[in-house]
Amino acid sequence: MDGQPEALVDLDAIQANVAALRGHVGGAAVMAVVKADGYGHGMIPSARAAVAGGASWLGVLHLADAVALRRAGLDVPVLSLHGSPDAAHAEAIAHDVDLTAGSPELISQIAAAAVEAGKPARVHLEADTGMSRGGAIRAAWPALLDAALAAEAAGHVRVVGVWSHFACADMPGHPTIGTQIDDFRSAVRLAEQAGARLEVRHMANGPATLTLPDSHFDLVRPGGAAFGLCTLPGGAPDWLRPAMTIRARLIQVKRVPAGTAVSYAHRYTALGETTLGVLALGYNEGIPRHATNQAGLFFTRGRRVPVAGTVNLNHVVLDLGGEQAEAGDEVVIFGPGDHGEPTAQEWAEALGTISYEIVTRFTGKVPRTYSGVTAVRDTAVHALDGRTDGKVAAAH
Ligand SMILES: *Cc1c(COP(=O)(O)O)cnc(C)c1O
């Protein structure tokens, strides 16, 4: 073991989280949002685990991701949540990917792509009810409906959904929550009055899925919650299990005398004689540089230990104190918290960010190992893809 850090992804946790979310929402369907490479957990294995847990839809942003899900054999409805001009619309339509449109211009581009693909595009219209990111604001909604329904009449699109997105669903009691739900209802009503025959109306992200039953409509779109994470104050409820563990092994351990100053700029000085442990991961691998001198975010031999000084590009030095330690000892950066290790939520709170930012920092920098029932199948798929990023740990 060379100290190389690794990300362990617990696919059973993802599957169980989605099953629990499904139970939580009762009648609504669950779209697992697996954007950002499955919030850093690996898009395809995460999507498989989510589908095994009962997700009947998948959500991504980029069309290339949607097509990658299809190529991996995932055949549930997939929605691209980016309503953006994209040369790949025709390919996505050919792969039965549902598209988002928030403007008449995009409807015409999608209609043209549908002609190229030789079949109608399934389109979800995005209503901007207060997020002010994608979608059509109330004043622009009638024109979007006209364009979409004209394209439907011409046989180029099928308007199958209307959706919106909360700005403040993770701020319980925020006054915009109710107004966004009201505005969404009126956008849906206008669409139906104009003749849209909708399959699904949806607006709930993970926080809304957890706390706002009025927002569930036909379909909920949790992302982080599927991975055991949430941006609500305090993080996810304890019936959701964090799916990612980041760990590494100490590459060197040494005893140093009192007064030893440590790492760049000597931001840390050992007060007494102590033991320093070196880890081969730093901000390049995903450790925020703001973890410099933080106490209690690294876990080894059953206890929390402080960072000694500045987090480097590829290294962190830990102050292990007087306890027994040796090179090769495992250090857990975060995990589900079962053994006293910090969680990504705890990291986020310590560093003034959200857990999503903590877990996604390690994407592409730290090799992932998958465990869980869907892992064996995933590895086979990766091998077929020529993508062997995932190895299987303890498939059971
Ligand atoms: C990211 C995203 C979600 C999921 O958000 P979470 O907070 O991770 O649950 C849902 N819908 C849209 C449009 C998104 O962009």
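Residues numbered from 1 in each chain as written. Predicted model: local features only at pLDDT ≥ 70, side-chain atom pairs only at ≥ 80, totals over all residues. Heavy atoms only, no water.

Trainee: Just give me the short version of the confidence of the model for the protein chain, but keep the residues and values in it.
Mentor: Overall, the predicted model of the protein chain reaches an average pLDDT of 94, with 94% of residues at or above 70. For the protein chain, the element scoring lowest by mean pLDDT is strand β19 (residues 391-392), at 47; strand β2 (residues 29-33) scores highest, at 99. Across residues 383-396, confidence stays below pLDDT 50; counting only partners more than four residues off in sequence or on other chains, it has 31 contacts. (pLDDT = per-residue confidence, 0-100. Helix = DSSP H or I, 4+ residues; strand = E, 2+ residues; numbered from the N terminus. Contact = heavy atoms within 4.5 Å.)

Trainee: Describe the packing of helix α6 (residues 104-117) against helix α7 (residues 141-153), and please don't skip the residues or the numbers.
Mentor: At a minimum axis distance of 8 Å, the contact between α6 and α7 shows a crossing angle of 15°. It follows from the interaxial angle that α6 and α7 lie roughly parallel. For the crossing formed where α6 meets α7, the hand is right-handed. Between α6 and α7, the contacting residues are P104, I107 and A111 on the first element and A143, L144, A147, A148 and A151 on the second. When the residues that make up the contact of α6 with α7 are grouped by side-chain class, the tally is eight nonpolar, no polar and no charged. (Axes fitted to C-alpha atoms, helices over the stretch in contact; angles between N-to-C directions. Parallel < 35°, antiparallel > 145°, perpendicular 65-115°, else oblique. Left-handed = near helix turned anticlockwise from the far one by under 90°. Nonpolar A, V, L, I, M, F, W, Y, C, P; charged D, E, K, R; others polar.)

Trainee: Explain the site of the ligand residue by residue, including any values.
Mentor: Surrounding the ligand, one finds 15 residues, the nearest of these being K35, Y39, G206, G224 and Y356. Taking K35, its side chain carries an N or O atom lying 2.7 Å from an oxygen atom of the ligand. Across the complex, the protein chains shield 95% of the 390 Å² of accessible surface that the ligand would expose by itself. Its atoms largely coinciding with the cavity grid, the ligand occupies the largest pocket. Elements supplying a minimum of two residues to the shell around the ligand: α2 (35-39) and α9 (206-211). Grouping the constituent residues of the shell around the ligand by class yields seven nonpolar, five polar and three charged. (Near = heavy atom within 4 Å. Polar contact = N/O pair within 3.5 Å; in protein donor to acceptor, adjacent residues only side chain to side chain. Areas by Shrake-Rupley, 256 points an atom, 1.4 Å probe, with all protein chains shown as cover. 1 Å grid on protein atoms, 1.4 Å probe; cavity = no way out; pocket = protein on both sides within 12 Å on 5 of 7 lines; lining within 4 Å. Sits in = over half its atoms within 2 Å of the grid points.)

Trainee: Tell me about helix α4 (residues 63-71), and name the residues and values.
Mentor: Residues L63, A66, V67, L69 and R70 constitute the buried set of α4. Viewed along the axis of α4, the buried residues span an arc of 155°, placing them on a single side of the element. Turned more than 90 degrees away from the buried face of α4, the exposed residues are A64 and R71. As for α4, its buried residues are in contact with α3 (43-52), β3 (57-60), β4 (78-80), α5 (89-94) and β5 (97-101). (Buried < 20%, exposed > 50% of the residue type's maximum accessible area, 1.4 Å probe, protein only. Arc of directions from axis to C-beta.)

Trainee: So what about the pairing of strand β6 (residues 121-126)? Which residues, and what values?
Mentor: Counting buried positions over the six residues of β6 gives five, a clear majority of the element. After leaving β5, the chain enters α6 and then returns to the sheet as β6, a path that is right-handed. Pairing geometry for β6 and strand β7 (residues 157-163), over six bridges, is parallel. Note on β7: the bridge partner recorded for A121 is V157. Note on the crossover from β6 through α7 to β7: the handedness is right-handed. (Right-handed = clockwise from strand over helix to strand, strands pointing away. Pairing = 2+ DSSP bridges.)

Trainee: How would you sum up the side chain of Q180? Please name residues and give values.
Mentor: Among the structural elements, Q180 can be located in helix α8 (residues 175-193). Side chain to side chain, Q180 and T129 meet in a polar contact 2.8 Å long. Engagement of the side chain of Q180 in a polar contact is seen with the backbone oxygen of H165, the distance being 2.9 Å. In this structure, Q180 is in contact with T129, G130, M131, H165, F166, A167, C168 and M203, ignoring residues within four places of it in sequence.

Trainee: Kindly report on the environment of A248, identifying the contributing residues and their values.
Mentor: Of note, A248 is situated in strand β10 (residues 244-256). Residue classification places A248 among the buried residues on the basis of a relative accessible area of 2%. For the pair A248 and A295, spaced 47 residues apart in the sequence, the C-alpha separation amounts to 18 Å. Filtering out sequence-adjacent residues up to four positions away, A248 remains in contact with G3, Q4, P5, L279, L281, D329, E330, V331 and I333.

Trainee: Explain the pattern of salt bridges to me, and be specific about the residues and the numbers.
Mentor: The tally for this structure, following the rule as stated, stands at 19 salt bridges. Across the salt bridge formed by E152 and R158, the nearest N and O atoms sit 3.3 Å from each other. For E152, a relative accessible area of 14% translates into the label buried. Residues joined by salt bridges that share partners form a network here, namely D98, R122, E152, R158, R197 and E199. (Salt bridge = Lys/Arg side-chain N within 4 Å of Asp/Glu carboxyl O.)

Trainee: I'd like a rundown of the side chain of T231, residues and numbers included.
Mentor: The residue T231 is located in the loop between β9 (219-220) and β10 in this model. The exposure class assigned to T231 is buried, which follows from its relative accessible area of 18%. A polar contact of 2.7 Å, which involves the side chain of T231, links it to the side chain of D170. Those residues within four positions of T231 in sequence are excluded, and the remaining contacts are D170, P207, I354 and Y356.

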